[in-house]
Every structure is written in C-alpha cells, then in structure tokens.
Amino acid sequence: IAVARRNSPEFSFEVAGLSELPYANMQLGGVFAWYSIIHSPPSDLPRIFAEFVRVLAPGGHALLSSAGHRHVSRADGHDVSLESHLFTPETIAGHLTDAGFSVIARLTRQARPQENTPQAAYSHTGPPTQE
C-alpha cells in the first residue's frame, strides 16, 4: 500500500477487511475483488457480499474471481501455512444472487496443468436501489 500511495498519489488506497469496508453506504461505482475472497472461510461470504452491496451505488458493478480449494504448505522454498478457499462458480453465483446482485456474465474455464481446479470470473450488478 505504501508503494501504491507513493507511485500513484492521485489515487486513494485503504487497508480493510472485506466484511468491514471503510466506505459510506452507496459510495462506490464498483467493487473489484480479483481472488480477494479466497482467504475468507465459506461462512464469511454472505457478510462480505452484503458489504459489497452496502458500499455500491445503485446499479454499481462487482467483478470477482474464484474457484476450487487448496492448502499450501511450501512456497518459494519456504514452509508456509496458507489456506485458500477457491469456491465453485455455482457457490459464488448463489451467494451474490442472495446478496441482491444480478448476474451480467460468468466465465468459467477448465484448470490448466499447473492448477487443481477450474477458474471463474463473475460480473454482477448491484440492486437498482438500496435502502
């Protein structure tokens, strides 16, 4: 974040948890969560997506990606413990719909040789109006 702020001072960068975004209701035109939800347990998804809806202006868009599940114990020559919840496309689409999003597009591709699971990207729009 420090590097981003230094290199692009014209933009605002914040650090926050996905379920407690530091933005006012209906403030943002979009949410871009590219493999951002993978470190959240499945039980957190409804709260995270409700938070996305809360901060989106009416008709705002969300662009997300995810798929499958894995645990990494070694990376770049180091012992690590990293749990990634790479959800199925159907799971994410269901949670987004439950939160009030409407599907614009969903792209799913099969896993490449170095991947364990299919990969997916989702484009959704928020509700036209929010309370």
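Caption draft 1: Structural view of the layout of surface pockets. Looking at the largest pocket, its volume works out to about 380 Å³. Every residue lining the largest pocket is counted, 18 residues in all, and those nearest its centre are Glu-14, Leu-18, Leu-21, Tyr-23 and Phe-32. Of all elements in the fold, only β1 (28–34) and α2 (45–55) reach the threshold of two or more residues within the lining of the largest pocket. Counting residues per element, the lining of the largest pocket draws most heavily on β1, at 5 residues. Broken down by class, the residue content of the lining of the largest pocket amounts to 14 nonpolar, 3 polar and 1 charged.

Caption draft 2: Geometry of the pattern of salt bridges. Considering all chains together, one arrives at 2 salt bridges under this definition. In this structure, the salt-bridge partner of Glu-51 is Arg-47, at a minimum N-O distance of 3.4 Å. Here Arg-47 and Glu-51 lie together in helix α2, a separation of 4 residues that amounts to about one turn. The class for Glu-51 is buried, based on a relative accessible area of 2%. A salt bridge links Arg-54 to Glu-51, with the shortest nitrogen-to-oxygen separation between them at 2.7 Å.

Caption draft 3: Representation of the packing of α2 against helix α3 (residues 89–99). Interaxial distance between α2 and α3 falls to 9 Å at its minimum, and their mutual angle equals 50°. Accordingly, the angle class assigned to the pair α2 and α3 is oblique. α2 and α3 meet at a crossing whose hand is right-handed. Contacts from Leu-45, Pro-46, Phe-49, Ala-50 and Val-53 of α2 reach α3 at Ile-92, His-95, Leu-96 and Ala-99. When the residues that make up the contact of α2 with α3 are grouped by side-chain class, the tally is 8 nonpolar, 1 polar and no charged.

Caption draft 4: Main features of the confidence of the model for the protein chain. Overall, the prediction assigns the protein chain a mean pLDDT of 83, with 90% of residues at 70 or greater. Across the protein chain, the secondary-structure element scoring lowest on mean pLDDT is strand β3 (residues 70–75), at 71, and the one scoring highest is helix α1 (residues 2–7), at 95.

Caption draft 5: Spatial organisation of the environment of Gly-94. Structurally, Gly-94 is set in helix α3. Through-space distance from the C-alpha of Gly-94 to that of Ala-62 is 14 Å; in sequence the pair is 32 residues apart.

Scoring rules and cut-offs
- Position labels on residues start from 1 in each chain and follow its written sequence.
- pLDDT decides what is reported in this predicted model: residues at 70 or higher carry local features, side-chain atom pairs at 80 or more are listed and counted, and totals for whole chains, interfaces and linings draw on all residues regardless.
- Based on all heavy atoms of the structure, the side-chain values leave hydrogens and waters out of the count.
- A cavity here means a set of points on a 1 Å grid, drawn over the protein atoms and nothing else, where a 1.4 Å probe fits but cannot get out; a pocket is an open set with protein on both sides within 12 Å along at least five of seven lines, and a residue lines either one if it has an atom within 4 Å of a point.
- Grid points are joined across faces, edges and corners, and a volume is the space filled by probe spheres set on the points.
- Strands here mean DSSP runs of E at least two residues long; helices mean DSSP runs of H or I at least four residues long; both are numbered from the N terminus.
- Residue type decides the class: Asp, Glu, Lys and Arg count as charged, Ala, Val, Leu, Ile, Met, Phe, Trp, Tyr, Cys and Pro as nonpolar, and the leftover types, Gly among them, as polar.
- Think of a salt bridge as a Lys or Arg side-chain nitrogen and an Asp or Glu carboxyl oxygen that are within 4 Å of each other.
- Buried residues are those whose accessible area, probed at 1.4 Å on protein chains only, stays under 20% of the maximum for their type, while exposed residues exceed 50% and partly exposed ones sit between those limits.
- Every axis corresponds to a line fitted to the C-alpha atoms, with the helix fit spanning only the stretch in contact, and the corresponding angles, defined between N-to-C directions, vary from 0 to 180 degrees.
- These descriptions rest on fixed angle ranges, namely under 35 degrees for roughly parallel, over 145 for roughly antiparallel, 65 to 115 for roughly perpendicular, and the rest for oblique.
- In this scheme, a crossing is called left-handed if the near helix is turned counterclockwise away from the far one by less than a right angle; it is called right-handed if the turn is clockwise.
- In what follows, residue pairs with any heavy atoms lying within 4.5 Å of each other are defined as contacts.
- A residue's pLDDT is the confidence the predictor assigns to it, expressed on a 0 to 100 scale.

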